[in-house]
Structure formats: C-alpha cells, structure tokens
Amino acid sequence: MTTILILAGLAGLFLGGEALVRGAVVLARRFGIPPMVIGLTLVGFGTSTPELVTSLEAALGGSPGIAVGNVVGSNIANILLILGLAALIRPIAVAPAGFRRDGAVLVAASLIALAPVLSGALGRGGGAALVALLLVYLTGTLLAERRRNGPAAEVYEAEAGAMGPDGTPAGRAWLYVAAGLAGVILGAKALIAGAVTLATALGVSETAIGLTLVAVGTSLPELATSAVAARRGQSAIAFGNVVGSNIFNILGILGATAIAAPLAIPPEIARSDIWVMLGATAVLVWAAVSGWRVTRAEGAAMLALYAGYAWIVLRPA
C-alpha cells in the first residue's frame, strides 16, 4: 500500500502539474498576456506547483519536516540532479546578462533563508516578507526585460513557446486546469501519506524523506522540462528553469507555506541540509561563470555529489 500511495502521488503530481501549466498557458494566450510574462510566471514558476501544494499539505497536516525538507531538498535536487542530468545530455550555455541578475537573486534568496532556518522557526510575518520579495523580483524583472527586450526576455518567451502551439480550445484548457489542479492536490496527499509511512518503515525521519523522495518527486516537472530542453538544444530554457524554480521555492513556496501554517524548522536542516543547499548554489554559480557554460564533466560531478548526499541523508540513524 505504501508503494502504491507513493507511485500514485508521483503520477498525480507530474501529470497534474503538466496539465495545469499547459492549460493555464493556453488561457493566458487567449487573454492576450505577452509570451514573456507567460514564460516568467506560468511556465517558469508553474512547474513548482507540485512543491507548493505538497509543502502546504504537509504543513497543514502537521509534518513540518516534509514541508521544509521539500523546499530545501528540491533546490538541492534541481541543481545537482536535474541541472547535472541536463548538462550530461548536452552542455548548457549560460547567458551572462540574464544570469548576473537572476543568479544574484538566487544567491540572495538562499542567504535570506538562513535566518529562519537557524532561528528554528518561520512565522506568518516572515512568510509574508518572503512573498513580498518574490513580487518585487517579478515586477522588476518584467519591467527591465520589457524595456530592453534582451536575452533573458527571449528565454522567457521560448519557455512559453515550449508549451506547444496555440490551438487548444478554451473549454479544453479549462478542463486541463481543473483536472491538473485536482491531480496535484490528490497526488500531494497520496505522496505525503506514503512518505510518512515509508519513513517509519525505514527508521529515518520525515525530514530525510522530505529532503529526498518528496523533493525529487515534486521536482519531476522541472526534470522533464530541463531534460527535454537539453535534448532539443534549448539549453537556456533548461538552465533558466532551474534558477527560476529555486528562487520561487524559497521566496514563494516557503513564504506561502509559512503564511498558511507557521513552520517549526527541523534542527537537522539547520545542522547540515541548509548548508548543502548553499553549497549546491555556489556550485551552480561557479559552473555558470567559469566560461559561461555547464559542461558534461561538471554535470557528471553534480550527479555524483547528489548521489553522495542522498546516501548520507537516507542512512538509518
């Protein structure tokens, strides 16, 4: 039963997330929203919907270890596992202009996350501050890119175009949104139920399962988007997807979750995992600026680092 719950949860999160984003993109196009806005918001952050719903469900259900571990673990997995895999498929070119801004925001957001983690709690006020910072970032990015229409704007427009041509009827798009939302919510419930049972069976903490199984499971949309983009030679989408998702995970998901249910941060995250997240972010920055290209060798090193991290986290106490 545990295996069935986990598999059903992963399927619901992945398929529901895909349907939700695709349906929302079609509706946004019909309402005349510019492709750059669609790419930055609905596509760039829409793939993080499984993380958002799962963390909310976990926090409201009394499992803060899964809620916080999901955010921290997803950021680690996005860089070391997903970006590593994408670079292994095909080396990733990085646009210097866009990364100087978005990379700086990612580093700043990661450092900001240190304060609540080290203090052991994140309340509604802190959560609201994180969400406000996300809105400032989105507004500033949209205004800056609309003025100069630079390479970052091209990436956001390409992300919108990657969702497929505009030809889906509005009625079917609304059905995609409704079915996708239902799939994500039911998938999150099933995954959390299975994860809690699995943690007990393996003799590990809920936080450890949140950092690994739940984090990777909720990152499946990012994994699919980045892998397909890398295989098609759309490396900018693969890289931008990871950076944007990690920013949204910290500012949007952690913030929104704390607003819904103030979070007690598990001490093991403060001892080690938040530092691993910061280290993974440093690896991303180093790989990006060293020649503005993430090579296959760097991708392989990232995958090896993630395998070692997962092994350490999942060892029984």
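Whatever comes next refers back to the structure up there.
Let us look at the structure shown here. As the structure is a computational prediction, the values presented were derived from the model and not from experiment.

1. Topic: the overall build of the protein
Part 1: Scanning the protein from N- to C-terminus turns up 13 helices and four strands.
Part 2: Whereas a compact globule of 317 residues would reach a radius of gyration of roughly 20 Å, the protein reaches 18 Å, a difference of no more than 12%.
Part 3: When its C-alpha atoms are laid out on the principal axes, the protein stretches across 50 × 45 × 40 Å.
Part 4: When each of the 317 residues of the protein is scored for burial, the buried share is 52%.
Part 5: Of the roughly 12,500 Å² of accessible surface on the protein, 71% is carried by carbon and sulfur atoms.
Part 6: Of the charged side chains in the protein, 18 are positive and 14 negative; the average position of the first set lies 5 Å away from that of the second.

2. Quick word on helix 13 (residues 296-313)
Part 1: Compared with the 26 Å implied by 1.5 Å per residue over 18 residues, the 26 Å span of helix 13 between its first and last C-alpha is a close match.
Part 2: Every buried residue of helix 13 is listed here: Glu298, Gly299, Met302, Tyr306, Tyr309, Ala310 and Val313. Take helix 13 and look down its axis: the buried residues cluster within an arc of 110°, on one side only. Exposed and oriented more than 90 degrees from the buried face of helix 13 are Ala297 and Trp311.
Part 3: Next to the buried residues of helix 13 lie helix 4 (64-89), helix 9 (206-218), helix 12 (267-289) and strand 4 (293-294).

3. Regarding helix 5 (residues 96-119)
Part 1: In this model helix 5 runs 35 Å from its N-terminal to its C-terminal C-alpha over 24 residues, within 8% of the 34 Å that 1.5 Å per residue would give.
Part 2: Taken residue by residue, helix 5 has Gly98, Phe99, Asp102, Gly103, Leu106, Ala109, Ser110, Ala113, Leu114, Pro116 and Val117 as its buried positions.
Part 3: Just downstream of helix 5 lies Gly120, where phi reads positive at about 90°.

4. Things to note about the packing of helix 3 (residues 49-60) against helix 4
Part 1: Close contact between helix 3 and helix 4 brings their axes to 6 Å; oriented N to C, the two are set at 155°. When the axis of helix 3 is compared with that of helix 4, the two are roughly antiparallel. For the crossing formed where helix 3 meets helix 4, the hand is left-handed. Along the contact surface, helix 3 presents Glu51, Thr54, Ser55, Ala58 and Ala59, while helix 4 presents Pro64, Ile66, Ala67, Asn70, Val71 and Ser74.
Part 2: Per-class residue counts for the contact of helix 3 with helix 4 are six nonpolar, four polar and one charged.

5. Considering the packing of aromatic side chains
Part 1: Counting across every chain of the model gives three aromatic pairs.
Part 2: Chaining the aromatic ring pairs together yields one cluster made of Phe99, Phe239 and Trp292.

6. A closer look at the nonpolar core
Part 1: Of all hydrophobic cores here, the largest spans 76 residues; its most connected members are Ile92, Leu134, Phe239, Leu263, Leu284 and Val294.
Part 2: With five residues, the next largest nonpolar core counts Leu20, Val26, Ala173 and Val177 among its residues.

7. Some words on the environment of Leu223
Part 1: On the secondary structure map, Leu223 appears in helix 10 (residues 220-231).
Part 2: Along the primary structure Leu223 and Leu85 are separated by 138 residues, whereas in three dimensions their C-alpha atoms are 8.5 Å apart.
Part 3: Excluding residues within four positions of it along the chain, Leu223 makes contact with Ile82 and Leu85.

8. Considerations on the side chain of Ser226
Part 1: Examined against the element boundaries, Ser226 turns out to sit in helix 10.
Part 2: Only 3.1 Å separates the side chain of Ser226 from the side chain of Asn241, close enough to count as a polar contact.
Part 3: The contact partners of Ser226, leaving out residues within four places of it in the chain, are Ile82, Ala86, Ala238, Asn241 and Val242.

9. Comments concerning the environment of Gly69
Part 1: By the secondary structure assignment, Gly69 is in helix 4.
Part 2: Taking C-alpha positions, Gly69 is 7.3 Å from Ala215, a pair spaced 146 residues apart along the chain.
Part 3: If we ignore the near neighbours within four places in the chain, the residues touching Gly69 are Pro64, Ser74, Gly210, Leu211, Ala215 and Ile269.

10. A short note on the pattern of salt bridges
Part 1: Inspection of the entire model under this criterion finds three salt bridges.
Part 2: Its salt-bridge partner being Arg22, residue Glu18 comes within 3.6 Å of it at the nearest N-O pair. Of this pair, Glu18 and Arg22 are both found in helix 1 (residues 2-30), four residues apart, which corresponds to roughly one turn of the helix.
Part 3: Between Glu57 and Lys189 there is a salt bridge, and its shortest N-O distance comes to 3.1 Å. With a gap of 132 residues between them, Glu57 in helix 3 and Lys189 in helix 8 (residues 170-202) connect regions that are remote in the sequence.

Criteria and thresholds
- Per chain, residues are indexed from 1 in the order of the written sequence.
- For a predicted model such as this one, the threshold for reporting local features is a pLDDT of at least 70, and the threshold for listing and counting side-chain atom pairs is 80 or more; totals across whole chains, interfaces and linings nevertheless cover every residue.
- To get the side-chain values, take all heavy atoms of the structure and skip hydrogens and water.
- Numbering of helices and strands runs from the N terminus, with a helix taken as a DSSP run of H or I at least four residues long and a strand as a DSSP run of E at least two residues long.
- The size measure is the radius of gyration over C-alpha atoms, and the globule rule it meets is 2.2 Å times the number of residues to the 0.38 power.
- Note on exposure labels: buried denotes an accessible area under 20% of the residue type's maximum, exposed denotes more than 50%, and partly exposed covers the range between, all computed with a 1.4 Å probe on protein chains only.
- Here, Shrake-Rupley sampling with a 1.4 Å probe gives the accessible areas, and only protein chains in the shown set may cover a residue.
- In this tally, Asp and Glu contribute negative charge and Lys and Arg positive charge; neither His nor the terminal groups of the chain are included.
- A single reference atom marks each charge: NZ on Lys, CZ on Arg, CG on Asp, CD on Glu.
- How far a helix is expected to stretch is found by multiplying one less than its residue total by 1.5 Å.
- What the arc covers is the set of directions going from the helix axis to the C-beta atoms.
- Contacts are residue-level and defined by heavy atoms, with any inter-residue pair within 4.5 Å sufficient.
- To obtain an axis, a line is fitted to C-alpha atoms, over the contacting stretch when the element is a helix, and the angle between two such axes runs from 0 to 180 degrees between their N-to-C directions.
- Convention used here: angles under 35 degrees read as roughly parallel, angles over 145 as roughly antiparallel, angles from 65 to 115 as roughly perpendicular, and any remaining angle as oblique.
- For any helix crossing, the convention is left-handed if the near helix is rotated counterclockwise from the far helix by under a right angle, and right-handed if that rotation is clockwise.
- Residues were grouped as follows: Ala, Val, Leu, Ile, Met, Phe, Trp, Tyr, Cys and Pro as nonpolar; Asp, Glu, Lys and Arg as charged; and all remaining residues, including Gly, as polar.
- In this scheme Phe, Tyr and Trp rings, the latter by its six-membered ring, pair at centre separations within 6.5 Å, and the angle between planes marks the pair as stacked below 30 degrees, edge-to-face above 60, and tilted otherwise.
- Throughout this description, the term nonpolar core refers to a set of buried Ala, Val, Leu, Ile, Met, Phe, Trp, Tyr and Cys residues connected via side-chain atoms within 4.5 Å.
- The definition of a polar contact used here is a pair of N or O atoms within 3.5 Å, where within protein one atom must be able to donate a hydrogen and the other to accept one, and adjacent residues in sequence count solely through side-chain atom pairs.
- What makes a salt bridge here is a side-chain nitrogen of Lys or Arg within 4 Å of a carboxyl oxygen of Asp or Glu, nothing more.

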